[in-house]
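Structural features, examined
Spelled out, the chains give:
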Amino acid sequence: MDKFRMIFQFFQSNQESFMNGICGIMALASTQMYSAFDFNCPCLPHYNMAYGLGILLVPPFILFLLGFVLNNNISMLAEEWRRPQGQRGKDPAVLRYMFCSMAQRAMIAPAVWVSVTLLDGKCITCAFCTAVPVETLGNASHPLLSQGEMQRVLARIPCKEIYSGQELIANEVAVRYLRCISQALGWCFVLLMTTLAFLVRSLRPCFSQAAFLKSRYWSHYIDIERKLFDETCAEHARSFAKVCIQQFFEGMSTDLVAAHCHLPRKTSEDAGEASKKLLGITDQGTMNMALKSWHRCKPPLHLHPPALPSGNGWAGEGQPPVHPSTPRRETAAYYSLV
Amino acid sequence: MDRFRMIFQYFQSNSESVMNGICGLLALASVKIYTCFDFSCPCLPQYNMAYGLGIMFIPPVILFLCGLMLNRQSLVMLDEWRRPQGHRKKDLAVIRYMFSSIVQRAMVAPVVWIIVTLLDGKCLICAFSGSMDPEKFVGFANVTPVQVEQLLAKVPCKDDELMRNNISRKAVSRYLRCWSQALGWSILLILIVAAFLARWLRPCFNHATLLQARHWSNYIDIEQKIFEETCCEHSRLFAHKCILHFFESMRQEIKLHNFNLPRKGERDEEEEDLLQGITDKDQVNKLLKTWYYEKPPLNVSQTTQR
């Protein structure tokens, strides 16, 4: 138990920094993904906007969902939300706190992707190149083209090699213009996000700090309780398995003794630990039979008390009749504080 | 208790150094972001100034807000400021001290950004090339005012076809960069002298008050951390007790329903305790189902009458 206690305390005290670490890693991963991604504007009138805005908006959505998936606490939140009330009331403030803290962390990687995309400028250049104001930036003396023709020419702005409208509007001028707009949008987006985060973080202590402390305590509690319960069940399963297997071997040994009419051997006192551990199986044939029996006919998941003779069948098995009075009576008063 | 003592000492000695570390990391991050950022001046008359000054001033605001948010002490200070008085009086000197130390640390990264921007020169060249007096430079003499405006706006773009080998462009660019770097170095010098004077002259005024304020601000910080640690420890013990009571109540219920002869087994006492009287597949299933459908109440002050 001590070892588990130490591990729990480590995770509890470091859970925040652990989650922040995952958050930071996802943010770095999103920048890395962006730089590894080979952006290829289609340079066609109707496809540009779809491609550019798609690259700007679809990966953030995926990263947001991924942020939830990678967060271990999502199943804890779902469990707490859906459980029947039972003897313990449900506090919606706790659920809200858990959801908010998870959503805030999941928002970081998408925000980083959108910022990096806007600051780089390729997406906006691709998406809005057909909307460049040719009248102000371009050559006024150029013969007018039809609308469709102009769209086709402008759509090729991101693809310098095939751009044919240098006399209409210089490629560098258009790209610089679009990139300037994109970077301005990017910085404004980052400023907005940072201001929002700052306001949320600094206004919270001014209102409902006591309620916040309560929600935080109980959400940590639910997490720890779940982990401790899993650990207790694991320990129980281990003991259960150990006793079950022990009883299986003892059962085999008893059967073999009965079948071969061996006189029960009293192990001498100085036989030592090793012969006890042999559990009565001391030759190859017996061992093989034990292994075969383990595979073909696993014992039932029911541990019987070892001191009872095998003839007394019903003690502790199946559906025994309900005994009206028990030798000891214990009453426990339970009432919910939540 | 020894463990707690070690933790206290760690936090006491390192709270300041943790904050200084974060401050330094943010300053390095601001330099890195500036070098990674692809500065591209639009080279258009109305947009240059907005772009150049925007790049010079908006990221510092963002870095300042980040510096305030990443500093744990800002929450502690806000807490202390907004709490109801209760049994403990509020000392404004402590709050002022905490506020000034937080703001000082948060100002480092924005100042680094502004200085790096000025020393590099691109922002100022972009912002003020359109405001230059064309008569000072040779290449703009026989040109109409509109064209002058356009040409000056294109000075920051070296690769533009009009400006590629233009000597006047280089002259304007050098002139603006010189001003920019002079401004950058001057600001750096003024700030360092101010910091030096503040640090050296501070002990001459109100040193005792300063020591008190520093002590109590450290105290509030540590108290907050210990409270959180104690809450964690408490909730762990609470959960442990709650689960044990749950298993115990399940064992009681099973005993009520099954008539088990008192067992004297070769089994260890320890194993018996670990199994908690739950020795059957159905019993385990029932336990797990009850855990989900009827979680035990949050009350471990059980009253038992035996």
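Residues numbered from 1 in each chain as written. Chains lettered and ligands numbered in written order. Predicted model: local features only at pLDDT ≥ 70, side-chain atom pairs only at ≥ 80, totals over all residues. Heavy atoms only, no water.

**A word on the confidence of the model for chain A**
The condition that has to hold: On a scale of 0 to 100, pLDDT captures the predictor's confidence in every residue. In what follows, residue pairs with any heavy atoms lying within 4.5 Å of each other are defined as contacts.
Looking at chain A as a whole, its pLDDT mean stands at 79, while 80% of the residues score no less than 70. With pLDDT under 50 throughout, residues 307-338 of chain A is counted as low confidence; its partners more than four residues away or in other chains account for 48 contacts.

**Some remarks on the nonpolar core**
Let me state the cut-off plainly: We define the nonpolar core as a collection of buried residues of types Ala, Val, Leu, Ile, Met, Phe, Trp, Tyr and Cys that are connected through side-chain atoms lying within 4.5 Å of one another. A simple rule labels every residue: compare its accessible area, found with a 1.4 Å probe on the protein chains alone, to the largest value its type can have, and call it buried under 20%, exposed over 50%, or partly exposed in between. Strands are runs of DSSP state E lasting at least two residues, helices are runs of H or I lasting at least four, and both sets are numbered from the N terminus onward.
By size, the foremost hydrophobic cluster in this structure holds 22 residues, and its most contacted members are A:Trp187, B:Phe37, B:Phe39, B:Tyr51, B:Ile55 and B:Trp113. Within the residue set of this core, elements represented by two or more residues are α9 (171-203) of chain A together with α1 (2-36), α2 (47-70), α4 (92-120) and α5 (122-128) of chain B. The dominant element in this core, judged by the number of residues it contributes, is α2(B), at five residues. What A:Trp187 contacts, discounting residues up to four positions off in sequence, is A:Leu119, B:Ile33, B:Phe37, B:Ile55, B:Ile58, B:Pro59, B:Ile62 and B:Trp113. Counting 18 residues, the second largest nonpolar core, distinct from the first, contains A:Ile157, A:Tyr163, A:Val173 and A:Val175.

**Concerning the packing of α4(B) against helix α8 (residues 207-257) of chain B**
All names here are of chain B. Stated precisely, the cut-off is as follows: To get an axis, fit a line to the C-alpha atoms, keeping to the stretch in contact for a helix; angles then go from 0 to 180 degrees between the N-to-C directions. Every angle not falling under 35 degrees, over 145, or within 65 to 115 is termed oblique; those three ranges are roughly parallel, roughly antiparallel and roughly perpendicular. Residues are grouped as follows: Ala, Val, Leu, Ile, Met, Phe, Trp, Tyr, Cys and Pro are nonpolar; Asp, Glu, Lys and Arg are charged; all remaining types, including Gly, are polar.
Interhelical geometry of α4 versus α8 gives an angle of 80 degrees and a closest axis separation of 9 Å. As the angle between them shows, α4 and α8 are arranged roughly perpendicular. Across the interface between the two elements, Ala93, Val94, Tyr97 and Met98 from α4 touch Leu210, Ala213, Arg214, Trp216, Ser217 and Ile220 from α8. Classifying every residue of the contact of α4 with α8 gives eight nonpolar, one polar and one charged.

**Details of the side chain of B:Asp221**
Inspection of the secondary structure puts B:Asp221 in helix α8. Ignoring anything within four residues of it in the chain, the contact list for B:Asp221 reads B:Ser15, B:Arg72, B:Gln73 and B:Val76.

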